[in-house]
Structures are given as structure tokens and as C-alpha cells.
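Breakdown of the fold
Here is how the chains run, residue by residue.
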Amino acid sequence: MKVTIKSWMGVASWRWIANDENCGICRMSFESTCPECALPGDNCPLVWGVCTHCFHMHCIVKWLNLQTMNKQCPMCRQAWKFNFH
Amino acid sequence: MEIVWSDFSESCPILKECLDSSDLAKETEDTLEYIYEVLWIEIGSFVRSKLAPTFWSCFKHNQTLAKFEKDGGSAEALQQQYKLFTNFVNAVKSLDAYYQFVRTSLEKLDGICQRADHGKSLAKLNELLRSALLSQLPTHFNNVVYSFYSVSFRVFFNLHQSTSMGQDNEDLDESGMPCKGCNQELEKCQCQSLLQTINEVNQKLVDLELLDRLAGQSMTFLVQQRIKEHIKNTCHGIFDRSHLKNLLTWLEDVVICWLMQVFHSKVSADPDAMHTDDGSKSTDVIQSLKVKLTFYVYENYALSVIDQFFSIIIDFPDSIPAIEDLKICMEKINLRRQIINTLKSSLEARILHPGVNTMDILTGYVAAIKAIRYLDSSGVILETVTAPIKEYLRKRSDTVRCVVTSLTETESGPTDLSEELAKGDAVKDGTKGNVNDELSNWENWQPDPFGLDNTVQTRTVKTSRSADIISMVVDIYGSKELFMSEYRNLLADRLLTQLEFNPEKEIRNLELLKLRFGESLLHNCEVMLKDIADSKRINSHIHSDTKYVENKQFDISSLIISAQFWPSFNKESVELPEEIANEFQKYTKSYEEYKGNRTLNWRTVTGKVAISIELGDRVLDMTVAPTQAVIIYHFQNKNEWSLDDLSTLVKIPPSVLRRRMAFWQSHGIIIESQPGIYKLIEDELPKSQLEKLPINEIITEDEDNESAMASASDQREEELQVFWSYIVGMLTNLDSLPIERIHQMLKLFASNGLGVEFTQDDLKDFLQRKVRDHKLIYSGGVYQLAK
Ligand SMILES: [Zn+2]
Ligand SMILES: [Zn+2]
Ligand SMILES: [Zn+2]
């Protein structure tokens, strides 16, 4: 007997490749949205700092805007630098 | 006349002598006065001992009236009635003969004694007669009276009918039957002469001022009986037209007209006669009777409509005329109590039992809402009557699902609910909308109906006043939130079984539901549908990724979902064979490259697989569930598997795997050669019927019917899992317990802060699962730990 698979319609869920599950700022799951957004994923992306911590982009931007003096990562207090890989 | 005379002379010797002698006038006034008194005594005793007993001797009959009426249908009883009719006629006639005689005698006597006020003596005589008759009333005299009027009514009705409908009609229908009026053969119809007799008798009774006393009760009973009959004959089961007007016309034309004839026998042809002095008294009587009978018609018609209200609900909106009629009756009579009681019990009897499926109950509920709304816009009756339905539906586990299905299902033609939804006249979110509605509509405000418990009123009126049907249906389950979460489950199931990228119908439904329930509650569903649309784009991007396409062994498409927004999946899974897993790896890689920093978790058991099986010289093309594909895939390299080995390989529990195997067994491709051993049948079996089926077209549905989502009862059982250690403890100490005891004891724990509420049924499901898992033994009505 020979079984040939012609096509497969499957189901998968997507997730961020991150070292944590929740955003350290809003405490929401990364796969969910920041408090400002309605749609997850492309519409509410994650960003990484060089310190390797990551947040919802909207959350960290808002956070940084509140920091008047030196912009720090809210998790490790290192100076915040975006890490665009 | 001779008999009368001889009877008379026998009982009243002095009077006879006086009448014969002409010397009386010569006596002194005192003597005359004395003789006159003596003569009255004689007349009195004559009336009492002769007249009244003779009259009543015609009334020998010994059945109760109610029984008599009940038996009225048989030919024998009818015959009896005509006999009693004749008795009555004779009785009245002979009474009248005596009376006339006494009256003439009295006249003469008055003349002889030179009495001027003859009218006064006459009144005295009448009074004497009445009191004599009524004091000797036999028990069942009403039967005879009733028979007389029953025949009388029939004769009248028959004549009325034939004048108003024309003779032809009558002849056609009734050939061979006796006349409906006089019960004689049609050619020898006696109706006209009977009518003559009847009128004479009535006139005599009127003259004797006996009509009301003697016949009043029977006549009322008779007329009420005929009204009931008429309502039953003309209105029963017919709801699509109004009957009230016809009923009232009938009352006027037939019943009242007949009563008039009874009370004014002489003058029925002359309408002016009513206004003459004699007529005016009986006109008053008839007027007051008419008012009473009109109410009687309203009441009995209303009760008949109420009794049939379940059918009216089912026929709605065709039954609107009947409801309109009932509304008019309700303005006249307070019927709320009857309506509520009757409706409640008929709804309970018809739809609230286990044999009726939830969809039908729901349909009945919606129909009831519509019909009762129409009847009573205050919502009070509705709320009271439908409360048991709501409670019952709440207990059924598939209710919410049925509601959602009927709200959104349009394939099998629109349902009542989907039509309501399509109307789209949204009741805006919650109370705010209601308040506005009420304020802007203050001109049409009506006080809450009177006649019900205050508690019911205050509780219900606020919520129901402007609630529409959809809200009422959703309200069954208590909250919009719960209802919406169930919709989400349903949507997820549909999307995952359809597995297509253009769920246009679902998008349309969602838009409708958003209008109705607001966007916020449906946000999750919105994301779910967006996932489908996004998946389509991602798939076409991946399919154009040359690096991926060149390497792949077979086509993979995928729904890529945002798990946070979907209901949670059940815990089923299947381990893919390495070659297949590699393909998914490739797809995932292409995805990761496209989306950057994101990856995929595969839900391996969900989906559909197109496979081609070469078996001997056959080629079978099938679309199967992933688990089936994996199972058959493993039989390529090894054509015999033990259940346990395969179970370990594919990581599916043996009990579940056994069920999945059944699919291939049913296709005659795998057999269970020994218990727990499955074998591929490579060679074609002798022409089995299976092969004749167009197997390659079969899309297997075996698993599609099972939801990929965790069911509500799964969730329930998970909640109950916290009690498992308590149950084990209990059974260790007490050995065996019936479910009631376990439930009781657990409730004790629950009230001590574990905060999980559950019914005995929930517990039973849970314990039964433990029995299936061999953790518990159930026998003789008690649970024990499995040793
Ligand atoms: Zn965040
Ligand atoms: Zn955001
Ligand atoms: Zn950091």
C-alpha cells in the first residue's frame, strides 16, 4: 500500500519568539494587544531593546515619552536602545 | 268544562249556591261581607287542593336538570322532551281553564255583591294562585319547563333559520332527516302550529304572572347552554377571523328575539307593542337579560379562546383576529388570571418535556412571545407565562447553541429569529436605550395592568417594556456576555470545520450581531474573522516563496489564528510522522521569514487532508481528518499494529485511537484481526458492498461532528477536579457512598470558600467519567474507589 498526501489544510496559532510571555509594561500577553489596540500581531507589534527585553511597541514608546531625562528599559534600567534585527 | 264545573261545585258548595241564587243582593251589607269572606276561603282551598295538584301532576319526572341536559343528544331523550313538552302545554292549558272559570265566577260574585274594585279581587286571586302553585313546587319541575323551552327554542331557531337562509338550502342538506324544529318528518312539519301553541302558552303564563317565577331559571340555563353550543360550533378552531361581531348579532337576532317572543307572545309582529304599558315591564326584563347574556357571550367566548391559546400561538400571525377578539373581551372582563393559569399549564404540557427538542421549544417560545405581546403590550402576562419556559431552557445544555444557530443560520431558510435579527432595529445597549425609549414615548405610556401580584409587576415591567424578541431570547440565558461567548464557540467550530478562506456568511452574521449587541462584546469574533482573511494572504505569500515551493513534498495551507482571541481548544493531539512533520517545519520556516520574530504552533488534530491510497490495483482518493491520515500513513511500512504500539507512536490514548480506527474499519481497509491487533487488508476482499460506494467522494464526517473546542461540560469537569482529593478522602474513610451524600459533603466544602458551584448532575458526569477511567467503581447505587 502506498499513501500519497496531496494537500493538507491545517490549523496553527502564531506567537512571538520572545523570552517572556507578557509585556512588562502593560502585563498583557504579547500575543494579545497593548491597552490602546484592538488588533494583535501586525497592528500591535513587539520591539526589542539591545538589553534583549521586549515590549509592545506602543507600550515602550509611551513609556519612553514619559521619561524626561534618560530613557531606560523599565525592566533592567539600562539605557534603552531599539534592537532592529 | 263539565269536569271543571263539577270539580268546582264539589269543593265550593256555598259559592255554587250563591252563584245560583239571585237573592243574595237582598241581604244586608254585613251578611254580604261575611258570605264574601267565606267564599274566598272556599276559593282558596279549591286552588290549593285541586288546581295546584292537578297542575303539578303533569310534572312527574325525576332526573336532575344537568343530567337531563347532558343526555339531550340521543333520539330517545329527544322523544322524551317532546312528550314533556306536551305535558307542559296540557298543564298550562288546564290550569288556564280552571283559572278562567274561577275568574268568571269571581266576576259574577263581585257583581252580585256590588263590589266596585273588581281589579283588586283579581289581583288577590292571582296572588292566591301563585302562592298555591309555588308552595307545592315538585322537585324536578324544571325538567318539564326546560323541555318546553328547549323545544320552543328549537322551533323558533328552525323557523328563523329557514327564513334567513331560504328553503332550498335546507332541503338539500336535510333530506330524510326529521325536521329540526318539531322532530316530525319534513313534509308533515308542525313547526308553525307548535309556534302557535307555544305563543299561547307563554301568553297564558304572562297573564297569570307566572312566566318569570316558573320558567326564569330554566330559560336562563337553556339560553346559556345554547350560547356555549353556538360558540363551540361556530368558533372552535377558527382563529383567522373575528367572531365577536357575529356572536353578538346572533345573540340579538336569535336569542334576544326569542326571549322577546316568549315575553310578548301576542305582539311579536308589532314592534311598537313593546312600548305599550304592558310591554314596558317585560322590555325592562329583557334589557337586563340582554346585558347579562352579552357578558355571558364575552366570557364564554374568551374562555374558549384562552383554552385554545396554544394553537393560536402556533398559528400566529394568522391568528391575530382571535387575539383581537380576546383583547376586546379583556376590556370587559378581568381575565388575566385565567389567561395566565391556562397558558402556563398548556405550555408546560405541550413543550416543556424531555421529548421535545430544544429547537422546537425555542420556536414555541418565540411564537409565544409574539402572540402574547400582541395580546398584552405591558409584558406582564408574557413575563409570568414564559418564566417556566426560560427556566427550562436554561437547564438544557444546548440552548445557547440553538439560539445562536437559529439567529444566524440562513441555509435552511430564515428562522423566526434570524428574521428578527435581519430587521436590524437594534435595541441599543442595555438600560440607556430603554430609558430613552421610554422618555421619548411618554405620550403612549400606559399604567401597568391591574390584577396581578405587585411583586411580579415591579420585577418584570422595567425589563420587558421595550425589550425586543432577540433580547428576550438572549435573556433566557441571563446575560449577553454568556450568550456572546457561546456564539464565539460556535463561530470557532464553524470556521475550523469549514476551513475555507471566504467565510462570507459568517462575516455577514457578525455584522448583524454587532448591530444588535454592540461591537465590544463581539471584538473577539472580529479578530477571529480577521485571522481568516490574514491567513489567506499569508498562505498566498508562502505559496509564492520559491525556496519553500521547490522543497515541499505536498501542499500545505493553514488557518493561522490569534489564539488569545479564540476559545480554548480541547486537549486532543496527534504526533505526526517525521516526513510529514518536516513539511510543516518548512512551512513554519517560510512563515518565520515572512513575519519576522513570529512562529507557529501547529494544532495537528484539526484540519483536513486529501490523500490518495494505492491498494492492490485500486486507487482511493479521499479527504480525511489529520488523525486518520496519520493512522493510515503508518500502515505503509508495517501492515499490522497493536493498539498499544500505535497509541505510543502517535500519542493518542488507546480508547480514542480505537474510535479513530473504526473509520478505516468501516471502509474495509483495516480489520481488527484479534482483540487489539489491527491489520491492513492489502488484497481486495471478495466484492464487498463497500467498494460499490463512491468511496473517493466521501468526505469523512466522523470527526467533523466533534467540536475542536473544549465543551462546557469539559470545563465543568475541570472545575470539579479540585474536589477529587476530597472525594478520594471521603471514600477511603467511608468505603462507599451514594451520590447524594457525596454532593452534600462537597457542598459543605464548597461553602467553605472553594467557591465552585455545581449541581448533582454536574457531579454525576464527573463521577461517571472517573468510573470510565477506572478510578471509581459504581454498583448498587454507590460509588467506591477502584482498588
Ligand atoms: Zn504592553
Ligand atoms: Zn498597541
Ligand atoms: Zn532591559
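Residues numbered from 1 in each chain as written. Chains lettered and ligands numbered in written order. Predicted model: local features only at pLDDT ≥ 70, side-chain atom pairs only at ≥ 80, totals over all residues. Heavy atoms only, no water.

Some details on the confidence of the model for chain A
Here chain A shows a mean pLDDT of 91. Residues at 70 or above account for 99%. No element of chain A has a lower mean pLDDT than helix H1 (residues 57–66) of chain A, at 92, and none a higher one than strand E1 (residues 2–16) of chain A, at 95. (pLDDT = per-residue confidence, 0-100. Helix = DSSP H or I, 4+ residues; strand = E, 2+ residues; numbered from the N terminus.)

Examining the coordination of the zinc ion (ligand 2)
Residue and element names in this part refer to chain A. Distances from the zinc ion (ligand 2) to its protein donors, namely Cys34 (SG), Cys37 (SG), Cys44 (SG) and His58 (ND1), fall within the range 1.9 to 2.4 Å. One way to put it: the four donor atoms around the zinc ion (ligand 2) meet at angles of 96 to 122°, and that makes the site tetrahedral. Residue cysteine 44 is classed as buried on the basis of its relative accessible area of 0%. The class for histidine 58 is partly exposed, based on a relative accessible area of 27%. (Donors = N, O, S within 2.8 Å, 3.2 Å for Na, K, Ca; no water. Tetrahedral: all angles 85-135°; square planar, octahedral: opposite > 155°, others 65-115°. Buried < 20%, exposed > 50% of the residue type's maximum accessible area, 1.4 Å probe, protein only.)

Brief notes about the interface of chain A and chain B
Across the boundary between the two partners, chain A contributes 29 residues, which contact 52 residues of chain B. Summing both sides of the interface, chain A and chain B together bury roughly 3800 Å²; the carbon and sulfur share of this comes to 60%. Looking only at chain A, the three residues that lose the most surface to chain B are Met1, Trp8 and Met9 of chain A, adding up to 26% of its buried area. Across the chain A-chain B interface, the total number found is 25 residue pairs in polar contact (both at pLDDT 80 or more). Ranked by the residues each element gives to the side of chain A that touches chain B, the list is headed by E1 of chain A, at 15 residues. Of the residues assigned to the side of chain A that touches chain B, the class counts are 14 nonpolar, ten polar and five charged. Relative to strand E2 (residues 598–615) of chain B, E1 of chain A is paired through 14 bridges, and the arrangement is antiparallel. Following the sheet pairing, tryptophan 8 of chain A is matched in E2 of chain B by valine 609 of chain B. (Contact = heavy atoms within 4.5 Å. Buried area = accessible area lost by both parts, 1.4 Å probe. Polar contact = N/O pair within 3.5 Å; in protein donor to acceptor, adjacent residues only side chain to side chain. Nonpolar A, V, L, I, M, F, W, Y, C, P; charged D, E, K, R; others polar. Pairing = 2+ DSSP bridges.)

Notes on the coordination of the zinc ion (ligand 3)
Residue and element names in this part refer to chain A. The protein atoms that coordinate the zinc ion (ligand 3) are Cys51 (SG), His53 (ND1), Cys73 (SG) and Cys76 (SG), at distances spanning 1.9 to 2.4 Å. Here the zinc ion (ligand 3) binds four donor atoms, and the angle range of 103 to 116° at the metal identifies the geometry as tetrahedral. Ordering the donors of the zinc ion (ligand 3) by residue number gives the pattern C-x1-H-x19-C-x2-C. Taken as a pair, histidine 53 in the loop between strand E2 (46–48) and strand E3 (54–56) and cysteine 76 in the segment after H1 lie far apart in primary sequence, 23 residues in all. Here histidine 53 falls in the partly exposed class, since its relative accessible area comes to 23%.

Concerning the packing of helix H29 (residues 643–650) of chain B against helix H30 (residues 654–666) of chain B
Residues and elements named next belong to chain B. Their axes nearest at 10 Å, the elements H29 and H30 cross at an angle of 100°. Judged by the inter-axis angle, H29 sits roughly perpendicular to H30. Along its contact with H29, which presents Leu643, Asp644, Leu646, Ser647 and Val650, the element H30 presents Pro654, Leu657, Arg658 and Met661. Looking at the contact of H29 with H30 residue by residue, the classes come out as six nonpolar, one polar and two charged. (Axes fitted to C-alpha atoms, helices over the stretch in contact; angles between N-to-C directions. Parallel < 35°, antiparallel > 145°, perpendicular 65-115°, else oblique.)

Considerations on the confidence of the model for chain B
All names here are of chain B. Per-residue pLDDT for chain B has a mean of 76; in total, 73% of the residues score no lower than 70. This stretch, residues 266–277, has a pLDDT under 50; its non-local contacts, to residues over four places away or in other chains, come to nine contacts. Ignoring residues within four places in sequence, the model shows residues 689–704, a span with pLDDT below 50, making 27 contacts including any to other chains. Interface predicted TM-score (ipTM) for the complex: 0.95; the corresponding pTM is 0.59.

What about the sheet that holds strand E4 (residues 640–642) of chain B?
All names here are of chain B. Reading across from one edge, E4-E6-E5 is the order of the three strands in this open sheet, with antiparallel pairing throughout. Looking at the sheet topology across the chains shown, the edges are occupied by E4 and strand E5 (670–674). In this sheet, adjacent strand axes meet at a mean angle of 30° when their direction is disregarded. Pairing analysis gives three bridges linking E4 to strand E6 (residues 677–680), with the strands arranged antiparallel. If you follow serine 642 over to E6, its bridge partner there is isoleucine 677. The strands touched by H29 within the sheet are E4 and E6, with E4 carrying the most contacts at an inclination of about 85°.

With respect to the pattern of salt bridges
Within the structure shown, the criterion is met by 20 salt bridges over all chains. Of the charged contacts in the structure, one is a salt bridge between lysine 595 of chain B and aspartate 42 of chain A, with a shortest N-O distance of 2.7 Å. Residue lysine 595 of chain B is located in helix H27 (residues 578–595), and its partner aspartate 42 of chain A is located in the loop between E1 and E2; the two belong to separate chains. When its relative accessible area of 16% is taken as the criterion, lysine 595 of chain B is described as buried. Looking at aspartate 42 of chain A, the relative accessible area reads 45%, which means it is partly exposed. For arginine 241 of chain B, the salt bridge is made with aspartate 240 of chain B, and the minimal N-O distance between the two is 3.7 Å. Judged by its relative accessible area of 47%, arginine 241 of chain B falls in the partly exposed class. Through salt bridges with shared partners, one network takes in Asp42 of chain A together with Lys595 and Arg598 of chain B. (Salt bridge = Lys/Arg side-chain N within 4 Å of Asp/Glu carboxyl O.)

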